Amino acid sequence: MRIVVLMKPVPDTAAGGERLGPDMRLDRAAVPAVVNANDEYALEAALKLTEALGGEVTLLSMAPASAPDTMRKALAMGAHHGVLVTDPVLEGSDTVSTTRVLAAALKTLEYDLAFAGADTSDGGAGVVGPGVAALLGLPLLSYAAKIEPDEAAGRVRVRRLSPTGYDVLEAPMPALVVCTQALGEPRYPSLKGIMAARSKEIVTRSLSDVGVTPEEVGGAVAGTKVLEATSPPARAATEVVREPADVAAERVVAFLAARRII
Amino acid sequence: MPGIWVVGEIADGGLARISTEVATLARGLGETAGHDVSGIVVGAQPKKAADELARFLPRVVAVSEPATDGNAAATIVAERIAALARNSGPDYLLLGAGPEGRDTAGVLSAMLGWPVLANATGLGWRDDGPTVEMSVFGGKLNTTNAFTGGRGIITVRPNAAAAEPAASPGKVEEASPNGEPQLPRVTVVDSVAEPGAAAPIEEARVVVAGGRGVGGEDGFKVVQELAEALGGVVGATRAAVDAGWINYAHQIGQTGKIVKPQLYLALGISGAIQHKVGMQTAETIVAVNRDPDAPIAEFADLVVVGDLFEVAPAITAALRARSG
Ligand SMILES: Cc1cc2nc3c(=O)[nH]c(=O)nc-3n(C[C@H](O)[C@H](O)[C@H](O)COP(=O)(O)OP(=O)(O)OC[C@H]3O[C@@H](n4cnc5c(N)ncnc54)[C@H](O)[C@@H]3O)c2cc1C
Ligand SMILES: Nc1ncnc2c1ncn2[C@@H]1O[C@H](COP(=O)(O)O)[C@@H](O)[C@H]1O
């Protein structure tokens, strides 16, 4: 089973220092990068499958040249290889460019399944996975809570979360699966994993390596722009209640009534 | 038909609630901009959803596409809309930012090469194009965004607007598409209903959420009872979901759902940043926590310092006594 996980390095939300640069684009230098949370679930699912069925997991990222630092963390979790598409032209790419570049890069790899996360914590559009599937003509199995490939039959079954439970989807491989947290908690890298990751290979590819011309992608042709950014109005001061439960409860009810919630 | 198209989503045979909100916003946009707004619904039986969408928009096209019966719909729907969009030339496509809308938007964007502005919390019009309000960086910043060219796709978050039908209903036209869709089909082998999965927490006016402090599946009874007394629904943190106390459909936060209720009541929740991003735009936030220094105390409107197993039942009792 060969699985490619589309993995984006994103600013660490927990670090709390995200900001826009003077060009109104995300200032990626301001905050340390981490593996996008939803991509960790995708990676965990990929690792469990290859542990059970044999095979290898390849990470595919389109990111700045500093991305290998972040990719090492995913390699430490157990991914086998990394492929990084990086090019100064790609700075400021929108999702259309990102989708094109990832699809072009994926085309150069061999795989049975490609995994994407449900969305990214920085852009959060949740459109890159479905877009890559469309460009490559891959079956799209999204919002996966369980992934069951049948190598012999060359097919994959996915439980897709639905508003009332789940649907069972089936398609031939290769296919693209959009992964959710319901697949299970990502592991922490072990010390052994961290050591092993140091010697794992991360291949760097330029735009021309994946067959994309610089005119069709990147910030210069981005289809979206930020016009303004403002801080949301601060919330009013917090009211603190330290009373026995029954008195506190009356205070809460009075508070809700005053706000016309009840 | 140039202008703005609202892609109506089918849920349970009818129109998805999110589409009524998107349609309401789009109609307002059309009025400001002086552009036509149309709806489009693609499905095996699109008529019912199309009729519902026509309560909000002057004109709706119902496209019957038998292929969506028994197959995952988003890709097929997107392919049909892409074909129609190429012919009739709308400038902007609007969808809901839920799973179905995102899948459809992603395929549409790739097929048409149109950019996406995602997760709109509001829409406006400026300099001959739409502007899209977004909340980014976990709510630390609000941005106003626009397309650089003339065309684009917008996905709209749940609760960005309250659905409001138009003064008079629009008309529904039926259309049947030409040719077969080209992208591969994904078969729906089975549809399974699961208890607890149908948690419409994004739509609720009141969310009572439980965290690790709730201590277990049994502890969620206290949460449930308070939610019932308030006419609300139950939410949860990832800690509670990962522990298996409650279904993932209830999770609020970065990797769960984003809610914007009138009241968010947190029981035994610390208010970690990844949870905060999913609920901080609630109008009123009330927390019950043993720890007065929990992060949630920094952004709640009211904090009760105490044991949730004493305070929550007391609030439930007080509410019941009040409604008598
Ligand atoms: C990449 C990533 C993504 C994540 N996504 C999400 C997400 O989508 N949603 C999410 O919620 N989290 C998410 N998290 C997890 C998040 O960081 C926190 O770990 C989680 O929100 C904590 O849940 P909690 O508040 O229930 O638990 P804790 O942080 O353990 O807090 C429990 C609170 O309960 C209080 N308490 C305990 N007992 C009682 C009692 N008897 N009465 C009153 N108070 C009591 C304690 O004082 C404490 O404040 C994510 C984390 C990461 C790294
Ligand atoms: N630059 C990128 N490099 C690798 N994968 C990406 C990149 N951008 C998006 N993805 C993948 O696409 C998913 C959805 O991204 P988005 O549409 O930006 O929310 C992510 O969870 C990743 O799996």
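Being a predicted model, the structure only gives us computed values, none of them experimental.

**Q** How should I be thinking about the domain arrangement of chain B in this particular structure?
**A** It is common to give the size of an interface as the accessible area that goes away when the parts come together. Residue and element names in this part refer to chain B. What the domain assignment lists for chain B is domain 1 (4-175) and domain 2 (201-323). Here domain 1 and domain 2 have C-alpha centroids that lie 32 Å from each other. Residue-level contacts link 6 residues of domain 1 with 6 residues of domain 2. Approximately 660 Å² of surface area, both sides summed, lies buried where domain 1 meets domain 2, with 48% of it carried by carbon and sulfur atoms. Contact with domain 2 buries surface across domain 1, with Arg 17, Gly 138 and Asn 159 losing the most and accounting together for 62% of the total. Counting every contact that joins domain 1 to domain 2 gives 1 salt bridge. For Glu 203, the salt bridge identified is with Arg 17, shortest N-O distance 3.9 Å. Counting across the interface, domain 1 meets domain 2 through 1 residue pair in polar contact (both at pLDDT 80 or more).

**Q** Explain the sheet that holds strand 18 (residues 302-305) of chain B to me, please; I cannot follow it from the model alone.
**A** What links the strands of a sheet is backbone hydrogen bonding, and the strands pair in either a parallel or an antiparallel sense. Overall, parallel pairing links the 6 strands, which are arranged 13(A)-18(B)-17(B)-16(B)-14(B)-15(B) in an open sheet. Edge positions in the sheet fall to strand 13 (239-241) of chain A together with strand 15 (233-236) of chain B, since each has one partner strand and no second. The sheet shows a mean angle of 20 degrees between the axes of neighbouring strands, direction not considered. Sheet topology note: the strand 14 (residues 206-210) of chain B/strand 16 (residues 263-267) of chain B ladder contains 5 bridges and is parallel. Bridged to Val 208 of chain B within strand 16 of chain B is Leu 265 of chain B. Sitting on the sheet, helix 5 (residues 220-229) of chain B touches strand 14, strand 15 and strand 16 of chain B, and the angle it makes with strand 15 of chain B is about 140 degrees.

**Q** Explain the nonpolar core to me, please; I cannot follow it from the model alone.
**A** Counting residues in each nonpolar core, the largest one holds 55 residues, and the members touching the most others are Leu 60, Leu 106 and Leu 176 of chain A together with Ile 81, Leu 93, Leu 108 and Ile 153 of chain B. Sorting elements by how many residues they give to this core places helix 3 (residues 95-107) of chain A first, with 6 residues. Once you skip the residues sitting within four places of it in the chain, Ile 153 of chain B turns out to touch Leu 93, Leu 95, Ala 105, Leu 108, Ser 109, Trp 114, Pro 115, Val 116, Leu 117 and Phe 147 of chain B.

**Q** Looking at this model, I keep getting lost on the packing of helix 1 (residues 37-53) of chain A against helix 2 (residues 68-77) of chain A. Mind explaining?
**A** Two numbers describe a pair of packed helices, the interaxial angle and the distance between the axes. All names here are of chain A. Packing of helix 1 against helix 2 leaves a shortest axis separation of 10 Å and a crossing angle of 30 degrees. Two packed elements cross with a definite hand, and for helix 1 against helix 2 that hand is right-handed. Counted together, Glu 40, Leu 43, Glu 44 and Leu 47 of helix 1 and Lys 73, Ala 74 and Met 77 of helix 2 form the full contact between these two elements. For the contact of helix 1 with helix 2, a count of residues per class yields 4 nonpolar, no polar and 3 charged.

The rules behind the values
Residues numbered from 1 in each chain as written. Chains lettered and ligands numbered in written order. Predicted model: local features only at pLDDT ≥ 70, side-chain atom pairs only at ≥ 80, totals over all residues. Heavy atoms only, no water. Domains from an automatic or database assignment. Contact = heavy atoms within 4.5 Å. Buried area = accessible area lost by both parts, 1.4 Å probe. Salt bridge = Lys/Arg side-chain N within 4 Å of Asp/Glu carboxyl O. Polar contact = N/O pair within 3.5 Å; in protein donor to acceptor, adjacent residues only side chain to side chain. Pairing = 2+ DSSP bridges. Helix = DSSP H or I, 4+ residues; strand = E, 2+ residues; numbered from the N terminus. Axes fitted to C-alpha atoms, helices over the stretch in contact; angles between N-to-C directions. Core = buried A, V, L, I, M, F, W, Y, C linked by side-chain atoms within 4.5 Å. Buried < 20%, exposed > 50% of the residue type's maximum accessible area, 1.4 Å probe, protein only. Left-handed = near helix turned anticlockwise from the far one by under 90°. Nonpolar A, V, L, I, M, F, W, Y, C, P; charged D, E, K, R; others polar.

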